[in-house]
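An overview of the molecular structure
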Amino acid sequence: MAQKDTDLLTEKLVSFVDFFGKAVSSKGILEKDIIAMDETAVWFAMVSPSTIDKRGAKSVALKTTGHKKSHLTVVLAAKADGTKLKPYIVFKGAKRDVKAMQQQVPRAVIATSVNGWMNDTLATHWLLNVVGKFSFTPRVLVWDSYCCHISAATKAELKSDYNITTAVIPGGYTKYIQAPDVMWNQPFKQSLHDAYDQWMAGDADKQYTAGGGNLKAPARRLLVDWVIAAWDKLDKDLIRKSFKVCGQSVKTDGSEDNLIHCFKEGQPCAAGQEALTQLHQRYQENRQAAEDEEDEEQLLNNELVVLDDVDDEDAEDTDILIDEEE
């Protein structure tokens, strides 16, 4: 990466972390009210990148259902205190199956769209059914700049009693400061791959085509069970750490800036930690100057009040006392 590009990346990352810290501090937002979310694609055929066979085999056949292009979307969301929200699962079409699963699976919210991706309608549905309205405490939602996150329809929905400030991570920056992208998605998908491999190796829960006897893709309900199990398996401590690593639950006084991974020594944006330190020092100096100015103004006001309280009669007595002392 060119130095100019690195400098610009560092500047934008520092700006985002600084903005986020100010928003959390000014609104008094607690860790239980800091929410991160991300969509990730899950494929019906999760072919493993490695294979196992007897030593000496010249070739290894990869078993697959032939549905490598079929996908569903999984939306994962959690809070900085480690609380996990329900996974949100979007299938392509399959309205009948989805309707049945909506009644049968209380631990996930299941939806459908024409192409299996999120859209404005589903973003509103996710907000209503996973995040929820009517919070008595202020909240902040961190997500990327995917079109349905920043659309007019979604912005309008967020204005209706959610008590949420949104922090949008610009495109190209999610791998540095988006908690799901940085720490959740890899172990989550590894658990799904493990479940798929076990299913492929066994005989249970399999269906075959009537004509050729070809193995069908895993049933949608089975995929939902895998998603729930994989999300359950993700460690809460890892979720809590991910918010620190991405600078979204670090202390606003700068004492935890060293935990932000993209600013650590050896990373392309290591200069960001010093830039954040300088910002904190500047804010502290400005705050101290404002407090000193306020103290001086208060002192002057107090003096003026004392003088205003002295009436003419008191003033004459004061003059007499002074004269007598002289």
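Along each chain, residues carry numbers from 1 onward, in the same order as the chain's sequence is written. Local features in this predicted model are restricted to residues of pLDDT 70 or higher, and side-chain atom pairs are both shown and tallied only at a pLDDT of 80 or more, whereas totals for entire chains, interfaces and linings draw on every residue. To obtain the side-chain values, all non-hydrogen atoms of the structure were included, while hydrogens and water were left out.

Counting residues in hydrophobic clusters, the biggest one holds 64 residues, and the most contacted among them are Leu 13, Phe 91, Trp 184, Trp 226 and Phe 263. Strands here are runs of E lasting at least two residues and helices are runs of H or I lasting at least four, both read from the DSSP assignment and numbered beginning at the N terminus. Per element, the largest residue contribution to this core is nine residues, and it comes from helix α6 (residues 179-201). Grouping buried Ala, Val, Leu, Ile, Met, Phe, Trp, Tyr and Cys residues that are joined through side-chain atoms within 4.5 Å yields what is termed a nonpolar core. When accessible area is computed with a 1.4 Å probe and restricted to protein chains, residues below 20% of their type maximum are described as buried, those above 50% as exposed, and intermediate ones as partly exposed. By size, the runner-up hydrophobic cluster in this structure holds 22 residues, among which are Val 109, Leu 122, Val 130 and Leu 141.

Let's shift gears to the environment of Thr 73. Within the fold, Thr 73 resides in strand β2 (residues 71-79). For Thr 73, a relative accessible area of 1% translates into the label buried. Linking Thr 73 and Lys 92, residues 19 residues apart in sequence, is a C-alpha distance of 8.8 Å. For this analysis, residues touch if any pair of their heavy atoms sits within 4.5 Å. Apart from the residues lying within four places of it in its own chain, the contact partners of Thr 73 are Glu 39, Thr 40, Tyr 88, Ile 89, Val 90, Gly 116, Trp 117 and Met 118. Under the rule applied, a polar contact is a pair of N or O atoms within 3.5 Å (in protein, one hydrogen donor and one hydrogen acceptor; residues adjacent in sequence only if both atoms are side-chain atoms). Among the polar contacts listed, one links the side chain of Thr 73 to the backbone oxygen of Gly 116, at a separation of 2.6 Å.

Two aromatic rings from Phe, Tyr or Trp, using only the six-membered ring of Trp, form a pair when their centres are within 6.5 Å; if the ring planes differ by under 30 degrees the pair is stacked, by over 60 it is edge-to-face, and anything between is tilted. For the coordinates displayed, the defined rule picks out seven aromatic pairs. Arranged with centres 6.2 Å apart and planes meeting at 25°, the rings of Phe 16 and Phe 20 form a pair that is stacked. Remark: Phe 20 and Phe 16 occur in helix α1 (residues 3-27); sequence separation between them is four residues, near one turn of the helix. Each member of the pair, Phe 16 as well as Phe 20, carries the same accessibility label: buried. Taken together, a centroid distance of 5.7 Å and an interplanar angle of 50° make the contact between Trp 184 and Trp 231 tilted.

Glancing now at the pairing of strand β4 (residues 109-113). With four of five residues buried, β4 lies mostly within the body of the structure. Examined bridge by bridge, strand β3 (residues 88-92) and β4 share five bridges and lie parallel to one another. The residue of β4 that forms the bridge with Ile 89 is Ile 110. By the criterion used throughout, a crossover qualifies as right-handed when its path from the first strand across the helix to the second strand runs clockwise, the strands pointing away from the viewer. Traced from β3 through helix α2 (residues 95-104) to β4, the parallel crossover comes out right-handed. Any two strands between which DSSP finds at least two bridges are classified as paired.

Moving on, we get to the side chain of His 149. Among the structural elements, His 149 can be located in the loop between β5 (139-144) and α4 (152-158). Classification of His 149 by relative accessible area gives buried; the value is 3%. At a separation of 2.9 Å, a polar atom in the side chain of His 149 contacts the main-chain carbonyl oxygen of Asp 144. The residues touching His 149, leaving out its near neighbours within four places in the chain, are Met 37, Glu 39, Trp 143, Asp 144 and Thr 154.

Below, the discussion takes up the sheet that holds β5. Two modes of strand pairing occur in sheets, parallel and antiparallel, and in both the strands are linked by backbone hydrogen bonds. Across the sheet, six strands lie side by side as β4-β3-β2-β1-β5-β6; this open sheet has mixed pairing. In this open sheet, the two edge strands, each paired with only one partner strand, are β4 and β6 (164-169). Mean inter-strand twist for the sheet, computed between neighbouring axes without regard to direction, equals 25°. Each axis is a line fitted through C-alpha atoms, and for a helix only the stretch in contact is used; angles between axes span 0 to 180 degrees, taken between their N-to-C directions. The strands touched by α2 are β3 and β4; relative to β4, the strand with the most contacts, the crossing angle is about 165°. Of the strands in this sheet, β1 (34-43), β2, β3, β4, β5 and β6 are in contact with helix α3 (residues 120-131), which crosses β4 at around 175°.

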